[in-house]
Amino acid sequence: MKTTVNTFRNAKEKKEKITMLTAYDYSTAKLVDESGVESILVGDSLGMVCLGYEDTLSVTMEDMIHHSAAVARGAKNAMVITDMPFMSYQTSVYDAVVNAGRLMKEGRAQAVKLEGGLEVCPQIEAIVKASIPVCAHIGLTPQSVNAFGGFKVQGKEEAAAKRLLEEAKAIEEAGAFAVVLECVPEKLATFITEQIGIPTIGIGAGAGCDGQVLVYQDMLAMYSDMAPKFVKQFRNVGEQMCAGFRDYVKEVKEGTFPAQEHTFKIDDSVIEKLY
Ligand code: KIV
């Protein structure tokens, strides 16, 4: 069954946890989908884990559309939520609606995600009015890394905690169907989850959220440039990949790959006529 915004709503009502993982290409999306993960986030983390940038700021609309469309082709049941990249919605409500529309039309997303609280509520409202579901994202919002002065836990002081709660409520009021809470202390994330009617999806926000999201390269140990405390490495696929690549080098060098079963045959008479 295809996941929709209703699945999110019902899960919160029934207190069933929601699962979300990132994917950026067709074959990974297929694997994630086949594993029963309910939603796939085409995150702008793409910039770091796929494109090798030091942050997410350089990611473009064209990057997001390209990868979102590939993921959408592989996701049969999982709901595809695509990130709006830096400066595709902050500039104006008009830009936000046009760019959200492009992610739906060209990127075949089912919903968009954007970062920010009170300052982006007019954008959320306008995108939702255009019949595009919006997932919000507060706490540590990586597009604001320069304003934060680094990747840091958010909401630890009273004023910041109050502000996050206020933002979560405003986002719900603006019409978002879910909100990602990133790098927020567990007790605060749990409190926010209890105070709002839309599902919270946590990343580094503890077990009290309505759902969880991780970057798949982090949880499979395929990306080593950064190791956030909140990531659990469920498998060491990075090591498995390196072992496979090393075996390939060895077998090509020693001439044991390709073997007979990997090669195509031709009648000797054809070759003889070439002399
Ligand atoms: O870009 C991304 O992958 C994200 C998640 C970390 C929530 O926004």
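Now for a quick tour of the structure. Just so it is clear, the structure is predicted and the values come from calculations on it, not from any experiment.

1. Description of the overall build of the chain
Item 1. Helix and strand counts for the chain come out as twelve helices and eight strands.
Item 2. With the principal axes as the frame, the chain shows a C-alpha extent of 80 × 40 × 35 Å.
Item 3. With 275 residues in all, the chain has 48% of them scored as buried.
Item 4. The long-range fraction of contacts in the chain, counting pairs at least 24 apart against all pairs at least 6 apart in sequence, stands at 59%.
Item 5. For the chain, the computed accessible surface area is about 14800 Å², with 55% contributed by carbon and sulfur atoms.
Item 6. The averaged location of the 37 negative side-chain charges in the chain is 4 Å from the averaged location of its 28 positive side-chain charges.

2. Topic: the site of the ligand
Item 1. The environment of the ligand is made up of Thr22, Leu41, Gly43, Asp44, Ser45, Asp83, Lys113, His137, Glu182, Ile203, Val213 and Val215.
Item 2. At 3.1 Å, a side-chain N or O of Asp44 approaches an oxygen atom of the ligand.
Item 3. A distance of 3.1 Å is found between an oxygen atom of the ligand and a side-chain nitrogen or oxygen belonging to Asp83.
Item 4. Starting from 260 Å² of accessible surface for the ligand in isolation, the protein chains cover 95%.
Item 5. Of the residues assigned to the shell around the ligand, the class counts are four nonpolar, four polar and four charged.

3. Topic: the packing of aromatic side chains
Item 1. Counted by the stated rule, this structure contains three aromatic pairs.
Item 2. Seen in terms of ring centroids, Phe8 and Phe177 are 5.1 Å apart; in terms of plane orientation they differ by 85°. Their pairing is edge-to-face. Of this pair, Phe8 sits in helix 1 (residues 5-14) while Phe177 sits in the loop between helix 8 (158-174) and strand 6 (178-182), and the two are 169 residues apart along the sequence. Neither residue differs from the other here; Phe8 and Phe177 are each classed as buried.
Item 3. Both rings, one in Tyr24 and one in Tyr216, keep their centres 6.1 Å apart while their planes meet at 35°; by these two values the pair is tilted. Pair noted here: Tyr24 is in the loop between strand 1 (18-22) and helix 2 (26-34) and Tyr216 is in helix 10 (residues 216-219), with a separation of 192 residues, a long-range link. The burial state of Tyr24 is the same as that of Tyr216; both residues are buried.

4. With respect to the side chain of Glu182
Item 1. The topology assignment puts Glu182 in strand 6.
Item 2. Separated by 2.9 Å, the side chains of Glu182 and His137 make a polar contact.
Item 3. The contacts of Glu182, once residues within four sequence positions are left out, are His137, Ile138, Gly139, Leu140, Pro142 and Ile203.

5. Considerations on the nonpolar core
Item 1. Counting residues in hydrophobic clusters, the biggest one holds 76 residues, and the most contacted among them are Phe8, Ile81, Val112, Ile124, Ile127, Ile171 and Leu181.
Item 2. The element contributing the most residues to this core is helix 8, with seven residues.

6. With respect to the pattern of salt bridges
Pairing between side chains becomes possible if they bear opposite charge and their charged atoms approach one another.
Item 1. If you walk through the whole model with that rule in mind, you get seven salt bridges.
Item 2. The salt bridge partner of Arg102 is Glu62, with a shortest N-O separation of 2.8 Å. In this pair, Arg102 sits in helix 5 (residues 93-105) while Glu62 sits in helix 4 (residues 61-74), placing the two residues 40 residues apart along the sequence.
Item 3. Among the ionic pairs, Lys113 bridges to Asp83, the shortest N-O distance being 2.8 Å. Residue Lys113 is located in strand 4 (residues 111-115), and its partner Asp83 is located in strand 3 (residues 79-83); the two are separated by 30 residues in the primary sequence. Asp83 shares its class with Lys113; the two are buried.

7. Points about the sheet that holds strand 7 (residues 200-203)
Item 1. With parallel pairing, the eight strands of this closed barrel are ordered in space as 1-2-3-4-5-6-7-8. The mean inter-strand angle of the sheet, taken between neighbouring strand axes irrespective of direction, is 25°.
Item 2. Note: strand 2 (residues 39-42) against strand 3, four bridges, orientation parallel. Within strand 3, the residue paired with Ile40 across the bridge is Val80.
Item 3. The strands touched by helix 5 within the sheet are strand 3 and strand 4, with strand 4 carrying the most contacts at an inclination of about 140°.

Rules of the game
- Residues numbered from 1 in each chain as written.
- Predicted model: local features only at pLDDT ≥ 70, side-chain atom pairs only at ≥ 80, totals over all residues.
- Heavy atoms only, no water.
- Helix = DSSP H or I, 4+ residues; strand = E, 2+ residues; numbered from the N terminus.
- Buried < 20%, exposed > 50% of the residue type's maximum accessible area, 1.4 Å probe, protein only.
- Contact = heavy atoms within 4.5 Å.
- Areas by Shrake-Rupley, 256 points an atom, 1.4 Å probe, with all protein chains shown as cover.
- Lys, Arg positive; Asp, Glu negative; His and termini not counted.
- Charge placed at Lys NZ, Arg CZ, Asp CG, Glu CD.
- Near = heavy atom within 4 Å.
- Polar contact = N/O pair within 3.5 Å; in protein donor to acceptor, adjacent residues only side chain to side chain.
- Nonpolar A, V, L, I, M, F, W, Y, C, P; charged D, E, K, R; others polar.
- Phe/Tyr/Trp six-rings, centres within 6.5 Å; stacked < 30°, edge-to-face > 60°.
- Core = buried A, V, L, I, M, F, W, Y, C linked by side-chain atoms within 4.5 Å.
- Salt bridge = Lys/Arg side-chain N within 4 Å of Asp/Glu carboxyl O.
- Pairing = 2+ DSSP bridges.
- Axes fitted to C-alpha atoms, helices over the stretch in contact; angles between N-to-C directions.

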